[in-house]
Amino acid sequence: MGTAAGEAAYFQRGSLFWFTVIALSMGYYTWVVFWPQSIPYQSLGPLGPLTQYLVDHHHTLMHKGYWLAWLIHVGESLYAMVLCKYKGISNGRAQLLWFIQTFLFGIASLSILIAYRPKRQKQT
C-alpha cells in the first residue's frame, strides 16, 4: 500500500545542468527579443555578431519564435498532466510540480515523466 501512495505522488526534479542551460538560453533569448539595444555584442565573442545579425535582419521572426517557444512549453505542460493521469500520478501537489517544471524547462522535464514506468499491481 505504501508504494501505491508513493507512485501517486511521484515527482523527480530534473538535471541541474539542463535546467541551467535552458534557463540561461531562455533568459538570453528574452533579452535579445525585448531589449536588443542593451546587449554588449562586442563582448560576447562569436555569439555577439550572430546575435546582432539576427536582431538586425530577423527580429520579427525571433519575436514570433520566442512566443512559439513558450506556446510549446504550455503544450508540453498540458501533455505532462495527461501523462500524470495515465501513469497513476494522482497527487495534486505532484501534478502541479510536473506542470510547473515542464512549463519552465520543457522537454528536459517531460522526458523524465515519459521515461517513468510505474509498477503495476498484480491482479489475482
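Residues numbered from 1 in each chain as written. Predicted model: local features only at pLDDT ≥ 70, side-chain atom pairs only at ≥ 80, totals over all residues. Heavy atoms only, no water.

Caption draft 1: Structural detail: the overall build of the protein. Helix and strand content of the protein: five helices and zero strands. Taken from N to C terminus, the helices and strands of the protein fall in the order α-α-α-α-α. In terms of C-alpha radius of gyration, the protein reaches 19 Å, well past the compact-globule figure of 14 Å for 124 residues. Overall size of the protein, expressed as C-alpha extent along the three principal axes, is 70 × 25 × 20 Å. (Helix = DSSP H or I, 4+ residues; strand = E, 2+ residues; numbered from the N terminus. Rg over C-alpha atoms; globule rule 2.2 N^0.38 Å.)

Caption draft 2: Inspection of the packing of aromatic side chains at higher detail. Under the counting rule described, the total for this entry stands at 12 aromatic pairs. Ring geometry for Trp 70 versus Phe 103: centroids 5.2 Å apart, planes at 35 degrees, classification tilted. Taken together, the residues span a long stretch of sequence, with Trp 70 in helix α3 (residues 47-86) and Phe 103 in helix α4 (residues 92-105) at a distance of 33 residues. Residue Trp 70 is classed as buried on the basis of its relative accessible area, which comes to 19%. Given the relative accessible area of 28%, Phe 103 is considered partly exposed. Counting every residue linked through ring pairs, the aromatic cluster contains Tyr 29, Phe 34, Trp 35, Tyr 66 and Trp 67. (Phe/Tyr/Trp six-rings, centres within 6.5 Å; stacked < 30°, edge-to-face > 60°. Buried < 20%, exposed > 50% of the residue type's maximum accessible area, 1.4 Å probe, protein only.)

Caption draft 3: Region of interest: the side chain of Gln 101. Tracing the backbone shows Gln 101 in helix α4. Look at Gln 101 and you get buried, because its relative accessible area is 6%. Within the structure, the side chain of Gln 101 is placed 3.3 Å from the backbone oxygen of Gln 12, a separation counted as a polar contact. At 2.9 Å, the side chain of Gln 101 and the side chain of Ser 109 are in polar contact. When neighbours within four sequence positions are excluded, Gln 101 is seen to be in contact with Phe 11, Gln 12, Arg 13, Gly 14, Phe 19, Gly 106 and Ser 109. (Polar contact = N/O pair within 3.5 Å; in protein donor to acceptor, adjacent residues only side chain to side chain. Contact = heavy atoms within 4.5 Å.)

Caption draft 4: How the structure looks around the nonpolar core. One finds Ile 22, Met 26 and Val 32 to be the most contacted residues of the largest nonpolar core, which totals 14 residues. Those elements giving two or more residues to this core turn out to be α2 (16-34) and α3. Grouped together as the second largest cluster of nonpolar side chains are 11 residues, Leu 83, Ile 89, Ala 94 and Leu 110 included. (Core = buried A, V, L, I, M, F, W, Y, C linked by side-chain atoms within 4.5 Å.)

Caption draft 5: Structural view of α3. Taking 1.5 Å per residue, 40 residues should reach 58 Å; α3 reaches only 42 Å between its end C-alpha atoms and comes up short. A maximum bend of about 100 degrees is found in α3 at His 58. Of the residues flanking the end of α3, it is Gly 88, one or two places downstream, whose phi is positive at about 80 degrees. (Expected span 1.5 Å × (residues − 1). Bend = angle between axes of the 7 residues up to and from the residue.)

Caption draft 6: Spatial organisation of the environment of Phe 105. Among the structural elements, Phe 105 can be located in helix α4. Residues Phe 105 and Met 26, spaced 79 residues apart in sequence, show a C-alpha to C-alpha distance of 9.4 Å. Beyond its immediate stretch of four places on either side in the chain, Phe 105 contacts Phe 19, Ile 22, Ala 23 and His 73.

Spatial relationships are all this shows, so hold off on functional conclusions.
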